[in-house]
Amino acid sequence: MNILEQEELAKWFDQYGESVLTYILLILKDYQHAEDLTQETFIKAYKNQHKFEQKSTVKTWLFSIAFNVTNDHFRKKHPLQHYLDITKTEKDYKPIPEQIVVMNDQTEQLYRAIQQLKPSYKHVIILRKLKEFSTEESSIILNWSESKVKMTLKRALAALKNELLDGGFTYENFFR
């Protein structure tokens, strides 16, 4: 790795490392694995830097790598669950302080509700609403059409709203 490549990778990590980590953490709910997969994301980005065609931003490209790394993790860890699109629901899941730094009650309820959704809904909500990627950027990251992103987001938000309502809670600003 030459000095310029090291500097470029360090710049990317400084700019996007925390954002990629929180994205993976929201999917995995395990800080240690999220850190490992974040590192794997940046290693893959470095190794495949020559394949980056600049058709999107570096951030979008990194998130598409993070999405694939996370999916690969699930395929290896829970192949049958992944194939059947079954998620493990953890009703008693409580984030530890190191995982979720400053989380008020509303945010914690929203986080728990998101964890109850199926993977495709989780990904699209996190990318579009929490990470604020555009429809186009989300379609690149997820390798979906823009219309699939829009439709999945619509369904995911309805499912999230139902999940929150079932818990006796609404998060009005989130649904605007």
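One structure accompanies this document, and this report is about it. A quick note: this is a predicted structure, and the numbers were derived from the prediction, not measured. (Residues numbered from 1 in each chain as written. Predicted model: local features only at pLDDT ≥ 70, side-chain atom pairs only at ≥ 80, totals over all residues. Heavy atoms only, no water.)

## As for the packing of helix α6 (residues 119-130) against helix α7 (residues 135-142)
Between α6 and α7, the shortest axis-to-axis distance is 10 Å and the interhelical angle comes to 140 degrees. By the angle between their directions, the pair α6 and α7 is classed as oblique. For the pair α6 and α7, the crossing hand works out as right-handed. Residues H123, V124, L127 and R128 of α6 lie in contact with α7, whose contacting residues are T135, S138, I141 and L142. (Axes fitted to C-alpha atoms, helices over the stretch in contact; angles between N-to-C directions. Helix = DSSP H or I, 4+ residues; strand = E, 2+ residues; numbered from the N terminus. Parallel < 35°, antiparallel > 145°, perpendicular 65-115°, else oblique. Left-handed = near helix turned anticlockwise from the far one by under 90°. Contact = heavy atoms within 4.5 Å.)

## Here's the deal with the side chain of T41
Looking at where T41 falls in the secondary structure, it is placed in helix α2 (residues 31-47). Its relative accessible area of 0% is what places T41 among the buried residues. Every residue in contact with T41, bar those within four places of it in the chain, is listed here: V20, I24, L62, I65, A66 and V69. (Buried < 20%, exposed > 50% of the residue type's maximum accessible area, 1.4 Å probe, protein only.)

## Describing the packing of α6 against helix α8 (residues 146-166)
The description of two helices packed together rests on the angle between their axes and the distance between the axes. Here α6 crosses α8 at 100 degrees, and the two axes come no closer than 9 Å. Comparing their axes, α8 and α6 come out roughly perpendicular. Contacts between α6 and α8 involve S120, Y121, V124, I125, R128 and K129 from the first element and V149, T152, L153, R155, A156, L157, A159 and L160 from the second. Across the contact of α6 with α8, the residue classes tally to nine nonpolar, two polar and three charged. (Nonpolar A, V, L, I, M, F, W, Y, C, P; charged D, E, K, R; others polar.)

## Examining α7
Among the residues making up α7, those that are buried are T135, S138, S139, I141 and L142. Seen end-on, α7 carries its buried residues on one side only, within an arc spanning 165 degrees. Downstream of α7 by a residue or two, N143 has a phi angle that is positive, lying close to 60 degrees. (Arc of directions from axis to C-beta.)

## Describing unusual backbone geometry
Backbone geometry places K29, a non-glycine residue, at a positive phi of 65 degrees. Mapped onto the elements of the fold, K29 is located in the loop between α1 (3-28) and α2. Overall, the relative accessible area of 10% leaves K29 in the buried class. The phi dihedral of Q54 is positive, around 60 degrees, even though this residue is not glycine. On the secondary structure map, Q54 appears in the loop between α2 and α3 (58-77).

By themselves, these figures tell us nothing about what the structure is for.
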